[in-house]
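Structural features, examined
Listed below, chain by chain, are the residues.
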Amino acid sequence: MIKELMEKADKTLFATYARVPVAFGRGKGCNLWDTDGKKYVDFVAGIAVCNIGHAHPRVAEVLCRQAKTLLHVSNLYYTLPQVELASWLVEKSFADRVFFGNSGAEANEAALKLARKYFKDKGEGNRFRVISMEKSFHGRTMATLSATGQDKIKKGFEPVMDSFDFVPFNDITALKKKIGASTCAVILEPIQGEGGVRCPAPGYLESVREVCDKAGILLIFDEIQTGIGRTGKLFAYENFNVEPDIMTLAKALGNGLPIGAMLAKEDVASAFSPGSHASTFGGTPIITAAALETLKVFEDEDIVKKCRQQGEYFKQRLLWLKQRHEVVEDVRGMGLLLGMKIKKDGRSIVNLCMEKGFLINCIQENILRFIPPLIIGRDEIDALVACLDDVLA
Ligand SMILES: *Cc1c(COP(=O)(O)O)cnc(C)c1O
């Protein structure tokens, strides 16, 4: 089955992914089953997407109901699920308004456009440059790959947009120096995800906010990976004493359905008016209904608190592994966005764990990333730690 499927895939799909040789057929909670029926515990969650687990009955139920009622109209009209989802997000965040798209990259595109338009409207159209962080990741569209601080993402697509400047993450002096008369915004991930699960130094984000305020420029938080409970708060910025002017969300917002969102305060959001920006599928009823139900599950089951508790426990267990294995260099992260840096190539460890029925992920060659559904149990964490203990030995 898997061999045939792989052969067919190799002939028909763009070769854009270095896939692991497994095909999944079914999921439930924190478990996945491949097409041969082998079970895996999922510590990847579709890359920090399925935060309340696979095949959640309440999300499935709402999807079925909405599919039989109304899939899609257009943003030429109002629909209830879109407005309810926006209201929920506004109520729970710093923001006053929400724009819906279909992915993370699209949410960041919208944010970058909004920052430009905001200054254009103020008569400061010369302010259009954005400062971004080295090792950041913001997406694969032309603007968002230009905003990304990793050469491998841009390779082959040059010339990229020449309106981004880069500084090292956690270096406030470098940031201050880089801000110029043409800077309109700073974009950053509160915790860098793809760049290697890199946390902000104490006080860093607070200082970034201060520097932006002093310079009169906007602060954009890309919370596409850190948002929706992942770090032990609904939004990562709540861990720090800082609010952005614009925030982007995607990944976990739909628990697996494609959705992205850009949120902003009123004075910034008002730079967009009819015709400024649009998306055919953005905020369509079927997707927003599923996202809204996901967030209601978050409330009803206290998912964010669970994440905080399990995250602390998981991190302690990873630190225990670090004590036992010289090959482990560093353990870091917050909530259930955890990374373990090792002194050799991590891919063999990923493969060995997979053989033993655990899905984990490796980024930047030597950083193992653990981003399970936020409903992961202690037994499952213990089982993975035992597996890693074995594999690392
Ligand atoms: C995944 C990710 C993106 C891109 O999201 P897509 O939905 O793949 O376009 C952007 N920023 C961050 C921080 C991400 O983790």
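What this report covers is the structure whose coordinates are included nearby. Model, not experiment: these values are computed from the prediction.

1. A word on the site of the ligand
Around the ligand, the surrounding shell consists of Ser103, Gly104, Ala105, Asn108, Phe137, His138, Gly139, Glu189, Asp222, Ile224, Gln225 and Lys251. Between the ligand and Gly104 there is a distance of 2.8 Å, counted from an oxygen atom to a backbone nitrogen or oxygen. Taking Ala105, its main chain carries an N or O atom lying 2.8 Å from an oxygen atom of the ligand. For the ligand, the accessible surface in isolation is 390 Å², of which the surrounding protein chains cover 80%. With 3 residues, the single largest contributor to the shell around the ligand is helix H5 (residues 104-121). Among the residues making up the shell around the ligand, the classes are represented as 3 nonpolar, 6 polar and 3 charged.

2. Regarding the nonpolar core
Leu89, Val186, Phe314, Ile360, Leu368, Phe370 and Leu388 are the most contacted members of the largest nonpolar core, which totals 80 residues. Counting the residues that make up this core, at least three belong to each of domain 1 (2-55 + 302-392) and domain 2 (59-300). Excluding anything up to four places from it in sequence, Phe370 contacts Phe43, Phe314, Leu318, Leu336, Leu337, Leu338, Met340, Ile360, Leu384 and Leu388.

3. Overview of helix H9 (residues 204-215)
Over its 12 residues, H9 extends 16 Å from the first C-alpha to the last, a length consistent with the 16 Å expected when each residue adds 1.5 Å. Immediately downstream of H9, the backbone of Gly216 shows phi near 70°, a positive value.

4. As for the side chain of Asp165
Checked against the element boundaries, Asp165 lands in strand E6 (residues 164-167). Those residues in contact with Asp165, other than ones at most four positions away along the chain, are Arg129, Val130, Ile131, Ser132 and Lys178.

5. Topic: the layout of surface pockets
Space inside the second largest pocket adds up to approximately 970 Å³. Surrounding the second largest pocket, 31 residues form its lining, Gln82, Arg97, Val98, Phe99 and His277 being those nearest its centre. Breaking the lining of the second largest pocket down by element, the ones donating at least two residues are helix H4 (80-92), strand E4 (97-101) and strand E10 (260-264). No other element matches H4, which puts 5 residues into the lining of the second largest pocket. Considered class by class, the residues forming the lining of the second largest pocket number 17 nonpolar, 12 polar and 2 charged.

6. Quick notes on the sheet that holds strand E1 (residues 24-28)
Judged by pairing direction, the sheet is mixed, and its 4 strands sit side by side in the order E1-E2-E3-E13 without closing on themselves. A strand with exactly one partner marks an edge of an open sheet, and here the two such strands are E1 and strand E13 (358-359). As defined by bridge partners, strand E2 (residues 31-34) adjoins strand E3 (residues 39-42) across 3 bridges and the pair is classed as antiparallel. Bridge pairing in E3 places Asn31 opposite Val41.

7. Quick word on the sheet that holds strand E15 (residues 367-370)
Taken together, the 4 strands give an open sheet; going across it, the order is E11-E12-E15-E14, and neighbouring strands pair in antiparallel fashion. The strands lining the two open edges of the sheet, one partner per strand, are strand E11 (328-334) and strand E14 (361-363). This sheet shows a mean twist of 25° between the axes of neighbouring strands, independent of strand direction. As judged from the 6 bridges shared by E11 and strand E12 (residues 337-342), these two strands associate in the antiparallel manner.

8. Observations regarding the pattern of salt bridges
Scanning all chains against the criterion turns up 20 salt bridges. One salt bridge in this structure joins Arg129 and Asp162, with 3.7 Å as the shortest N-O distance. In this pair, Arg129 is assigned in strand E5 (residues 129-133) and Asp162 in the loop between helix H7 (151-154) and E6, connecting sequence segments 33 residues apart. Classification of Arg129 as buried rests on a relative accessible area of 15%. Given a relative accessible area of 63%, Asp162 falls into the exposed group. Asp213 is paired through a salt bridge with Arg209; the nearest N and O atoms lie 2.8 Å apart. Of the two residues, Asp213 and Arg209 both sit in helix H9, 4 residues apart, roughly one turn of that helix. What makes Asp213 partly exposed here is its relative accessible area of 48%. Each of Arg58, Glu293 and Asp300 takes part in a single network of salt bridges with overlapping partners.

The rules behind the values
Residues numbered from 1 in each chain as written. Predicted model: local features only at pLDDT ≥ 70, side-chain atom pairs only at ≥ 80, totals over all residues. Heavy atoms only, no water. Near = heavy atom within 4 Å. Polar contact = N/O pair within 3.5 Å; in protein donor to acceptor, adjacent residues only side chain to side chain. Areas by Shrake-Rupley, 256 points an atom, 1.4 Å probe, with all protein chains shown as cover. Helix = DSSP H or I, 4+ residues; strand = E, 2+ residues; numbered from the N terminus. Nonpolar A, V, L, I, M, F, W, Y, C, P; charged D, E, K, R; others polar. Core = buried A, V, L, I, M, F, W, Y, C linked by side-chain atoms within 4.5 Å. Buried < 20%, exposed > 50% of the residue type's maximum accessible area, 1.4 Å probe, protein only. Domains from an automatic or database assignment. Contact = heavy atoms within 4.5 Å. Expected span 1.5 Å × (residues − 1). 1 Å grid on protein atoms, 1.4 Å probe; cavity = no way out; pocket = protein on both sides within 12 Å on 5 of 7 lines; lining within 4 Å. Points joined across faces, edges and corners; volume = space filled by probe spheres on them. Pairing = 2+ DSSP bridges. Axes fitted to C-alpha atoms, helices over the stretch in contact; angles between N-to-C directions. Salt bridge = Lys/Arg side-chain N within 4 Å of Asp/Glu carboxyl O.

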